[in-house]
Amino acid sequence: MRRTVIAGNWKMNMTPSATKAFIEELAPMVKGMDKCDIVLCVPFVDIATAVEAAKGTNIRIGAENVHFAKSGAYTGEISAEMLCEIGTEYVVIGHSERRQYFGETDETVNLRTKAALEAGLKVILCLGEVKEERLAGITDEVVTMQTKLDLAGISAEQLKNVIIAYEPVWAIGTGLTATPEQADETCGVIRAAIAGLYGEAAAEAITIQYGGSMNDGNAAELLAKVNVDGGLIGGASLKTDKFTAIVKAANA
Ligand code: PEP
């Protein structure tokens, strides 16, 4: 059985002191909710504080990006080794905001994914179509191509540490949510692409999350779908009560 993973993506929100207060409030609220893995992906400067605050709880900590080089002249970037040394377990790669505003391509997403996996991080690999692609009826082709390009050269063994987050770009931060049927169908297309690359068993085993305005009101019906194995949550992960309600839905 594949694991359900509920992950928060804080984006550029929360200072270290706010991080500590948030996790201290959240931890008792989600205690014992162990039918899913709970992850908070936080800004780089918050990671050490988050790891410390989450010690002894069922909350795991992730980063929101990682560079592909081991070290070198990449001003402002952070390596996988640096993340590992401070206790980071997960990393979000290929988020649409990185693709849209910071020039990420499937090639750099692939390089970052390889570097993260080699260092022992678990990767939350984001992909999804833009509005024009959905309207043009080419969503399946787009997510299949992204799956192939982003995972190029990644072994079946390494794939065990990859979670895919299907995030239709038109639904991120917009308040628009894919219908449960759309989410299920496109997560299914991604699963079929994984089956083509790695075989049926790997496709059955991989966790595929939905992300895009998931909240306490719509989580239950999205998570009920057979191909939706969790959520990557932006806005609603910044409030302990909303995030807890989503974790609760995943534990129902
Ligand atoms: C995200 O940041 O990955 C996301 C899905 O954001 P939101 O939940 O705010 O749409």
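Refer to the preceding data block for the structure.
Values in this document were obtained by computation on a predicted structure and should not be read as measured data.

Novice: Mind showing me how you'd approach helix 1 (residues 16-30) here?
Specialist: Because the α-helix completes a turn every 3.6 residues, residues three or four places apart line up on one side. Taking 1.5 Å per residue, 15 residues should reach 21 Å; helix 1 reaches 21 Å between its end C-alpha atoms and fits that length. Gly 32, located one to two residues past helix 1, shows a positive phi value of around 80°.

Novice: How do you make sense of the side chain of Ser 213 when you look at a structure like this?
Specialist: Position of Ser 213 among the secondary structure elements: in the loop between strand 7 (208-211) and helix 11 (219-223). Only 2.7 Å separates the side chain of Ser 213 from the backbone oxygen of Ala 171, close enough to count as a polar contact. Looking at Ser 213, its side chain comes within polar contact range of the main-chain nitrogen of Gly 175, at 2.9 Å. Beyond its immediate sequence surroundings of up to four residues, Ser 213 is in contact with Ala 171, Gly 173, Thr 174, Gly 175, Leu 176, Thr 177 and Asn 218.

Novice: Whenever I open this one, empty space enclosed by the protein confuses me. Can you help?
Specialist: One simple way to see leftover space: roll a probe sized like a water molecule over the atoms. This structure, assessed with the given rule, holds one cavity of 30 Å³ or more. Around the largest cavity, the lining residues are Gly 94, His 95, Ser 96, Arg 99, Cys 126, Leu 127, Gly 128, Gln 146, Glu 167 and Val 169. When residues of the lining of the largest cavity are traced back to their parent elements, those giving at least two are helix 4 (96-101) and strand 5 (122-127). Along the lines of polarity and charge, the residues of the lining of the largest cavity split into three nonpolar, five polar and two charged.

Novice: What should I look at first to understand the site of the ligand in this one?
Specialist: In the vicinity of the ligand lie 14 residues, with Lys 11, Glu 167, Gly 173, Ser 213 and Gly 234 positioned nearest. A distance of 2.6 Å is found between an oxygen atom of the ligand and a backbone nitrogen or oxygen belonging to Gly 173. Here Gly 235 contributes a backbone N or O atom positioned 2.9 Å from an oxygen atom of the ligand. When the free accessible area of the ligand is taken as 290 Å², the share hidden by the protein chains comes to 95%.

Novice: Would you take a moment to explain the nonpolar core for this structure?
Specialist: Nonpolar side chains in soluble globular proteins tend to be buried together. The biggest cluster of nonpolar side chains holds 64 residues, and the ones touching the most others in it are Leu 40, Ile 59, Ile 61 and Ile 164. No other element matches the six residues that helix 9 (residues 180-198) contributes to this core. Excluding residues within four positions of it along the chain, Leu 40 makes contact with Gly 8, Trp 10, Phe 22, Ile 23, Leu 26, Ile 59, Arg 60, Ile 61, Gly 62 and Phe 243. If you look at the next biggest cluster of nonpolar residues, it comprises 11 residues, including Ala 7, Tyr 90, Cys 126 and Ile 163.

Novice: Is there a simple way to explain the sheet that holds strand 3 (residues 59-63) in this structure?
Specialist: Hydrogen bonds between backbone groups are what pair the strands of a sheet, and the pairing can be parallel or antiparallel. Strand order in the closed barrel made by the eight strands is 1-2-3-4-5-6-7-8, with parallel pairing throughout. The sheet shows a mean angle of 30° between the axes of neighbouring strands, direction not considered. Its contacts with the sheet put helix 12 (residues 240-250) on strand 1 (4-9), strand 2 (36-41) and strand 8 (230-233), and the angle it makes with strand 1 is roughly 170°.

Novice: Is there a simple way to think about the packing of aromatic side chains in this case?
Specialist: Aromatic ring pairs are reported here in terms of the distance separating the ring centres and the angle at which the planes meet. In the structure shown here, the tally under the stated rule is three aromatic pairs. Between Tyr 101 and Phe 102, the ring centres sit 6.5 Å apart and the planes meet at 85°, which makes this aromatic pair edge-to-face. In this structure, Tyr 101 and Phe 102 share a single accessibility class: exposed. When the ring centre of Phe 102 is taken as reference, the NZ or CZ atom of Arg 98 above it lies at 4.1 Å. Lys 122 extends its terminal NZ or CZ atom over the ring of Tyr 90, reaching a point 5.4 Å from the ring centre.

Conventions and cut-offs
Residues numbered from 1 in each chain as written. Predicted model: local features only at pLDDT ≥ 70, side-chain atom pairs only at ≥ 80, totals over all residues. Heavy atoms only, no water. Helix = DSSP H or I, 4+ residues; strand = E, 2+ residues; numbered from the N terminus. Expected span 1.5 Å × (residues − 1). Polar contact = N/O pair within 3.5 Å; in protein donor to acceptor, adjacent residues only side chain to side chain. Contact = heavy atoms within 4.5 Å. 1 Å grid on protein atoms, 1.4 Å probe; cavity = no way out; pocket = protein on both sides within 12 Å on 5 of 7 lines; lining within 4 Å. Points joined across faces, edges and corners; volume = space filled by probe spheres on them. Nonpolar A, V, L, I, M, F, W, Y, C, P; charged D, E, K, R; others polar. Near = heavy atom within 4 Å. Areas by Shrake-Rupley, 256 points an atom, 1.4 Å probe, with all protein chains shown as cover. Core = buried A, V, L, I, M, F, W, Y, C linked by side-chain atoms within 4.5 Å. Buried < 20%, exposed > 50% of the residue type's maximum accessible area, 1.4 Å probe, protein only. Pairing = 2+ DSSP bridges. Axes fitted to C-alpha atoms, helices over the stretch in contact; angles between N-to-C directions. Phe/Tyr/Trp six-rings, centres within 6.5 Å; stacked < 30°, edge-to-face > 60°. Lys NZ or Arg CZ within 6 Å of the ring centre and 35° of its normal.

Nothing here speaks to function; it is geometry throughout.
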